[in-house]
Amino acid sequence: IEDGELIHGEYSGMLSMANQPLLITTAKIGDQLVSDPDLGEEKAQFARFSFGHTEKNVLTAFQKWGSGSFTSSEFERMVETGLKNGKLIRKALKV
């Protein structure tokens, strides 16, 4: 995009990234929320919520999976916990 218009063409080399997104996933198993579930936990989940965010905590993407549901307070907890976990992950990855 240049001057607000989409420029079509082929590009080579690395694309610059102003922000580096990170994806966080939380599974709901019974009435418990599990951050970054492993395979066994994924098999037991009946709902999952994933969201992407930048290092400045700008939420960039959302996906809900499964037939289960989440309350508004569960959504708040998932995002709050996910942002905290994201900081730890970024520190470990030095991103």
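Below is a short write-up of the structure. (Residues numbered from 1 in each chain as written. Predicted model: local features only at pLDDT ≥ 70, side-chain atom pairs only at ≥ 80, totals over all residues. Heavy atoms only, no water.)

**Some points on the overall build of the chain**
Summing up its helical and strand segments, the chain has two helices and four strands in all. A compact globule built from 95 residues should have a C-alpha radius of gyration of about 12 Å, whereas the chain, at 17 Å, is more than 25% larger. Structurally, the chain occupies a C-alpha span of about 50 × 30 × 25 Å along its principal axes. Looking at the chain as a whole, 27% of its 95 residues are labelled buried. For the chain, the share of sequence-separated contacts (at least 6 apart) that also reach a separation of at least 24 residues comes to 47%. When the accessible surface of the chain is summed, it comes to about 7100 Å², and 54% of that surface belongs to carbon and sulfur atoms. Here the chain contributes 11 positively and 13 negatively charged side chains, and the mean placements of these two sets differ by 9 Å. (Helix = DSSP H or I, 4+ residues; strand = E, 2+ residues; numbered from the N terminus. Rg over C-alpha atoms; globule rule 2.2 N^0.38 Å. Buried < 20%, exposed > 50% of the residue type's maximum accessible area, 1.4 Å probe, protein only. Contact = heavy atoms within 4.5 Å. Areas by Shrake-Rupley, 256 points an atom, 1.4 Å probe, with all protein chains shown as cover. Lys, Arg positive; Asp, Glu negative; His and termini not counted. Charge placed at Lys NZ, Arg CZ, Asp CG, Glu CD.)

**Quick look at the pattern of salt bridges**
In a structure, side chains of opposite charge can pair up when their charged atoms sit close to one another. Under the counting rule described, the total for this entry stands at two salt bridges. Glutamate 74 is the partner of lysine 28 in a salt bridge, and the nearest nitrogen-oxygen pair spans 2.9 Å. Of this pair, lysine 28 sits in strand β1 (residues 22–29) while glutamate 74 sits in helix α2 (residues 72–93), placing them 46 residues apart in sequence. For lysine 28, a relative accessible area of 9% gives the class buried. Its salt-bridge partner being lysine 84, residue glutamate 80 comes within 3.8 Å of it at the nearest N-O pair. Of the two residues, glutamate 80 and lysine 84 both sit in helix α2, four residues apart, roughly one turn of that helix. A residue is classified by how much of its surface remains accessible, and lysine 84, at 51% relative accessible area, is exposed. (Salt bridge = Lys/Arg side-chain N within 4 Å of Asp/Glu carboxyl O.)

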